[in-house]
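What follows is each chain in one-letter form.
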Amino acid sequence: MNLLPAFIFEFERMKKQCDGAIAQVTDEQLFLSPGTESNSIAIIMQHLAGNMISRWTDFLTSDGEKAWRNRDAEFEATITDKAALLAYWEQGWNVFLTTLRSLTEEDLAKTVTIRNEPLTALQAIFRQVAHYSYHTGQLVFVARLHCGANWKSLSIPKGQSAGHQTGTYLKP
């Protein structure tokens, strides 16, 4: 079974959803938290990028929780410039997807560690599917809150399911 292309496809789809949401918000909204106990889009991006860089650097040979990672700082507004934030975001995805694309099916059975917990590489990837999709949903939700009526659906717009099923739905 060739699982890696399916994983790569889904992770690239997650990134496309995030990028589509990010493109719809203003620079101010990118850094605006929707509530006192909520994360801004920028904070979610910082956390995901930090996680990707830590987990996927030397994925098969070192613990995914690197000593140099400061996870707590990922939840602080440490990056306040959009260009720097986007560069860090792209760096995280690049480290992650480059490593994922370099793996072989045989690598999936190898043991890796995350926070001193041994997992197969396949288990570690499934763990990241859950983690990244969780935060993708958060990011898209916060962007949608900020955009309100100006939101452009990233999938089938509300009320358009029947047209999609019959082939009469036209994408905007």
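Scroll up for the structure.
Residues numbered from 1 in each chain as written. Predicted model: local features only at pLDDT ≥ 70, side-chain atom pairs only at ≥ 80, totals over all residues. Heavy atoms only, no water.

**With respect to the side chain of Ser54**
Argument step 1. Within the secondary structure layout, Ser54 lies in helix H3 (residues 41–56).
Argument step 2. The exposure class assigned to Ser54 is buried, which follows from its relative accessible area of 0%.
Argument step 3. In contact with Ser54, other than residues within four places in its own chain, are Gly64, Glu65, Lys66, Trp68 and Arg69. (Helix = DSSP H or I, 4+ residues; strand = E, 2+ residues; numbered from the N terminus. Buried < 20%, exposed > 50% of the residue type's maximum accessible area, 1.4 Å probe, protein only. Contact = heavy atoms within 4.5 Å.)

**Looking at the nonpolar core**
Argument step 1. Counting residues in each nonpolar core, the largest one holds 40 residues, and the members touching the most others are Phe11, Ile41, Trp56, Phe96, Leu100, Ile125 and Leu139.
Argument step 2. Broken down by element, the residue count for this core peaks at nine residues, all from helix H5 (residues 121–147).
Argument step 3. Excluding anything up to four places from it in sequence, Phe96 contacts Phe11, Met52, Trp56 and Tyr132. (Core = buried A, V, L, I, M, F, W, Y, C linked by side-chain atoms within 4.5 Å.)

**Points about the state of the cysteines**
Argument step 1. Tallied over the full model, the rule gives zero disulfides.
Argument step 2. Cys18 forms no disulfide, and the closest cysteine sulfur to it belongs to Cys147, at a distance of 14 Å.
Argument step 3. Residue classification places Cys18 among the buried positions, given a relative accessible area of 0%.
Argument step 4. The class for Cys147 is buried, based on a relative accessible area of 10%. (Disulfide = S-S within 2.5 Å.)

**Quick look at helix H4 (residues 82–102)**
Argument step 1. Between its terminal C-alpha atoms H4 stretches 30 Å, which fits the 30 Å expected from 21 residues at 1.5 Å a residue.
Argument step 2. Residues Leu85, Trp89, Gly92, Trp93, Phe96, Leu97, Thr99 and Leu100 constitute the buried set of H4. Looking down the long axis of H4, one finds its buried residues gathered within 165° of arc, a one-sided arrangement. Seen from the buried face of H4, the exposed residues on the opposite side, beyond 90 degrees, are Ala83 and Ser102.
Argument step 3. Buried positions along H4 lie against helix H1 (4–24), helix H2 (27–30), H3 and H5.
Argument step 4. Where H4 begins, one side-chain oxygen reaches toward the backbone nitrogen of Ala83, 3.2 Å away; that side chain belongs to Asp81. (Expected span 1.5 Å × (residues − 1). Arc of directions from axis to C-beta. Polar contact = N/O pair within 3.5 Å; in protein donor to acceptor, adjacent residues only side chain to side chain.)

**Points about the packing of aromatic side chains**
Argument step 1. In this structure the tally under the stated criterion is nine aromatic pairs.
Argument step 2. Here Phe96 and Tyr132 contribute two aromatic rings whose centre-to-centre distance is 5.3 Å and whose plane-to-plane angle is 80°, an arrangement assigned as edge-to-face. One end of the pair, Phe96, is in helix H4; the other, Tyr132, is in helix H5, and 36 residues separate them in sequence.
Argument step 3. Classification of Tyr132 by relative accessible area gives buried; the value is 0%.
Argument step 4. Ring-pair connections join several aromatic residues into one group, and the members of that group are Phe11, Trp56, Phe59, Trp89, Trp93, Phe96 and Tyr132. (Phe/Tyr/Trp six-rings, centres within 6.5 Å; stacked < 30°, edge-to-face > 60°.)

**Focus: the environment of Trp56**
Argument step 1. In this fold, Trp56 is placed in helix H3.
Argument step 2. Taking the C-alpha atoms as reference points, Trp56 and Gly137, separated by 81 residues in sequence, lie 22 Å from one another.

**Thoughts on the packing of H3 against H5**
The geometry of a pair of packed helices is captured by two quantities: the angle between their axes and the separation between those axes.
Argument step 1. Orientation of H3 relative to H5, taken along the N-to-C sense of each, is 165°, at an axis distance of 9 Å. The angle between H3 and H5 places the two elements in the roughly antiparallel class. Considering only the axes of H3 and H5, their crossing is left-handed. Counting all contacts with H3, which are made through Ile41, Ile44, Met45, His47, Leu48, Asn51, Met52, Arg55 and Trp56, the residues of H5 involved are Ile125, Gln128, His131, Tyr132, His135, Gln138, Leu139, Val142, Ala143 and His146.
Argument step 2. Among the residues making up the contact of H3 with H5, the classes are represented as eleven nonpolar, seven polar and one charged. (Axes fitted to C-alpha atoms, helices over the stretch in contact; angles between N-to-C directions. Parallel < 35°, antiparallel > 145°, perpendicular 65-115°, else oblique. Left-handed = near helix turned anticlockwise from the far one by under 90°. Nonpolar A, V, L, I, M, F, W, Y, C, P; charged D, E, K, R; others polar.)

Purely geometric stuff here, so don't read any function into it on its own.
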